[in-house]
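Observations on the three-dimensional arrangement
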Amino acid sequence: MEYSPFLHILHVVPSSHVRNKLFVFCIMLSLWVYMIYCCVGYCSTVPNLTYSPARRHENDAATDNRDSSLGASRDLLNNENELDSRGDEWNEVRSETKAVDDNAMSGFLNETESKKLPQAIIIGVKKGGTRALLEFLRLHPDIRAVGAEPHFFDRNYDKGLEWYRELMPKSSEDQLTMEKTPSYFVTREVPSRLYSMSKDTKLIVVVRNPVTRAISDYTQTRSKKPDIPSFESLTFKNISAGLIDTTWSAVQIGMYARHLERWLQFFPMEQLLFVSGERLITDPAGEMARVQDFLRLRRVVTEKYFHFNPTKGFPCLKRPELNTKPHCLGKTKGRTHPNIDPQVVRTLRDFYKPFNRKFYKMTGHNFGWD
């Protein structure tokens, strides 16, 4: 049989040097695959925005349960399932993607990052300015916050803490994990449930003039349900007697002192921070200084991060280090309120006065709504 160089090559056993090189190559390939996996891993924190009929049925059932927990709350506002909330989630996902991109390389190099239960939560209130506050806080490098509202303690509590933890973004030991769900503040079961998770959780409540808040609440609903009754007819049980209907959630939410009493049964006042929704607009840097101090963070988010938009009527965000165009909140924010009968507004102001004064006394802070 003739000698064949080709056949000789096929029968050559690789040397130990070649085997070592192959081994190193396999290790490097595995590391690259792991890095790619980490890169796309954050997608698990982005909520599923598909709104299937089955999902809608689940949400409706959860909403019914929540309403019953509020007692006789007559909620015509469809607070949690309305289209505005889902539209905001898309903006939240985009913001979360930007935050992940900014920290992507540090995430690759820091294997100590993990998903943690939140150490601070924005618990309220609806139409108070919670979305603005969350977006402001997400500019801080020491904060990682989930975008869409988890509604764990009011609607998904039966799913357990591990389900809740999986919703959170990965964070390092030096970073604070946060979420916001405005309905927590007014839901009876939430304080005890949250206390069971952690008695040390820091709680933030964004409050706003309850009359203006109620009108904003109504305006949001009317933009999606133009055929709902007038604000005046929903506000009163008996309009001629001036009797306010406190079972309507738009009115009920603004009775801040009543809700706060429930929270103080579980958490001391020093664990709660009340942020002025009005000052988030007129002096966002000042309110952010208070929030950052409360969370024991460096004062990173300062006046250089804000640009007031006169068309929308509230501040937009900018990244001074990137010199980019200011980013404003979604089109669902800053709607024009309908004209409300001035007498109705005065009656509502009088109704809220005792609640406001009690709230000022409880918090030690005069918000100037009277």
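Just so we're clear, the structure is a prediction, and the values are computed from it rather than from any experiment.

Describing the UniProt feature "binding site: 3'-phosphoadenylyl sulfate" (unreviewed entry) in the protein
With numbering matched to this structure, UniProt assigns "binding site: 3'-phosphoadenylyl sulfate" (unreviewed entry) to Lys127, Gly128, Gly129, Thr130, Arg131, Arg208, Ser216, Lys333, Gly334, Arg335, Thr336 and His337. Looking at where Thr336 falls in the secondary structure, it is placed in the loop between strand E11 (314–317) and helix H16 (342–363).

As for the environment of Val190
Turning to its location among the elements, Val190 is positioned in helix H9 (residues 190–197). It is 9.2 Å that separates the C-alpha atoms of Val190 and Phe152, two residues lying 38 residues apart in sequence. Excluding residues that lie within four positions of it along the chain, Val190 makes contacts with Phe153, Asp154, Tyr184 and Trp263.

What to know about the pattern of salt bridges
This model, assessed by the stated rule, comprises 14 salt bridges. When the shortest N-O distance is used, the salt bridge between Asp350 and Lys353 registers 3.8 Å. Of the two residues, Asp350 and Lys353 are both situated in helix H16; the distance of three residues between them amounts to about one turn of the helix. Look at Asp350 and you get partly exposed, because its relative accessible area is 47%.

Side note on a nonpolar patch on the surface
Taken together, Phe23, Val24, Ile27, Met28, Leu31 and Trp32 make up a surface patch of nonpolar side chains, about 620 Å² in accessible area. The class for Trp32 is exposed, based on a relative accessible area of 52%.

A short note on helix H10 (residues 210–224)
For H10, which comprises 15 residues, the first-to-last C-alpha distance of 22 Å matches the rise-based estimate of 21 Å (1.5 Å per residue) to within 8%. Taken together, the buried positions of H10 are occupied by Pro210, Val211, Arg213, Ala214, Ile215, Ser216, Asp217, Tyr218, Thr219, Gln220 and Thr221.

Quick look at the UniProt feature "active site" (unreviewed entry) in the protein
Taking the numbering used here, the UniProt-annotated feature "active site" (unreviewed entry) corresponds to Lys127. Tracing the backbone shows Lys127 in the loop between strand E2 (120–124) and helix H6 (130–137).

Structural notes on the pairing of strand E10 (residues 306–309)
One ladder, built from four bridges, connects E10 with E11; its direction is antiparallel. Residue pairing in the sheet places His307 in a bridge with Cys316 of E11.

Some details on the packing of helix H13 (residues 256–263) against H16
Running from amino to carboxyl end, H13 crosses H16 at an angle of 35 degrees, the nearest separation of the two axes being 8 Å. Touching Tyr256, Ala257, Arg258, Leu260 and Glu261 of H13 are Phe355, Lys358, Phe359, Met362 and Thr363, all from H16. The residue inventory of the contact of H13 with H16, partitioned by class, reads six nonpolar, one polar and three charged.

Focus: the state of the cysteines
Evaluation of the coordinates by the stated rule reveals one disulfide. The residue that forms a disulfide with Cys316 is Cys328, at a sulfur-sulfur distance of 1.8 Å. In this structure the cystine formed by Cys316 and Cys328 twists about its S-S bond by roughly 95 degrees; its chirality is therefore right-handed. Pair noted here: Cys316 is in strand E11 and Cys328 is in the loop between E11 and H16, with a separation of twelve residues, a long-range link. Taking the relative accessible area as the measure of exposure, Cys316 reaches 0% and is therefore buried.

Remarks on the packing of aromatic side chains
Evaluation of the coordinates by the stated rule reveals 25 aromatic pairs. Judged by centre distance (5.0 Å) and plane angle (15 degrees), the ring pair of Phe367 and Trp369 falls under stacked. No difference in accessibility class separates Phe367 from Trp369, as the two residues are buried. Joined through ring pairs, the aromatic side chains of Phe152, Phe153, Tyr157, Trp163, Tyr164 and Tyr184 make up one cluster. One cation-aromatic arrangement involves Lys202 over Phe294; the distance from NZ or CZ to the ring centre is 4.9 Å.

Here we look at the sheet that holds strand E6 (residues 202–207)
The strand order across the open sheet formed by five strands is E3-E5-E2-E6-E9, and the pairing between neighbours is parallel. The open sheet has two edge strands with one neighbour each: strand E3 (143–145) and strand E9 (272–276). Averaged over all pairs of adjacent strands, the angle between strand axes in this sheet comes to 25 degrees, irrespective of strand direction. The sheet contact formed by E6 and E9 spans five bridges and is parallel. Of the residues in E9, the one forming a bridge with Val205 is Phe274. Packing against the sheet, helix H15 (residues 284–294) makes contact with E6 and E9, and its axis sits at approximately 170 degrees to E9.

Definitions and cut-offs
- Residues numbered from 1 in each chain as written.
- Predicted model: local features only at pLDDT ≥ 70, side-chain atom pairs only at ≥ 80, totals over all residues.
- Heavy atoms only, no water.
- UniProt positions renumbered as here; feature names shortened; annotations may be inferred.
- Helix = DSSP H or I, 4+ residues; strand = E, 2+ residues; numbered from the N terminus.
- Contact = heavy atoms within 4.5 Å.
- Salt bridge = Lys/Arg side-chain N within 4 Å of Asp/Glu carboxyl O.
- Buried < 20%, exposed > 50% of the residue type's maximum accessible area, 1.4 Å probe, protein only.
- Patch = residues over 30% accessible without salt bridge, like charges linked within 9 Å, V, L, I, M, F, W, Y side chains within 5 Å.
- Areas by Shrake-Rupley, 256 points an atom, 1.4 Å probe, with all protein chains shown as cover.
- Expected span 1.5 Å × (residues − 1).
- Pairing = 2+ DSSP bridges.
- Axes fitted to C-alpha atoms, helices over the stretch in contact; angles between N-to-C directions.
- Nonpolar A, V, L, I, M, F, W, Y, C, P; charged D, E, K, R; others polar.
- Disulfide = S-S within 2.5 Å.
- Phe/Tyr/Trp six-rings, centres within 6.5 Å; stacked < 30°, edge-to-face > 60°.
- Lys NZ or Arg CZ within 6 Å of the ring centre and 35° of its normal.

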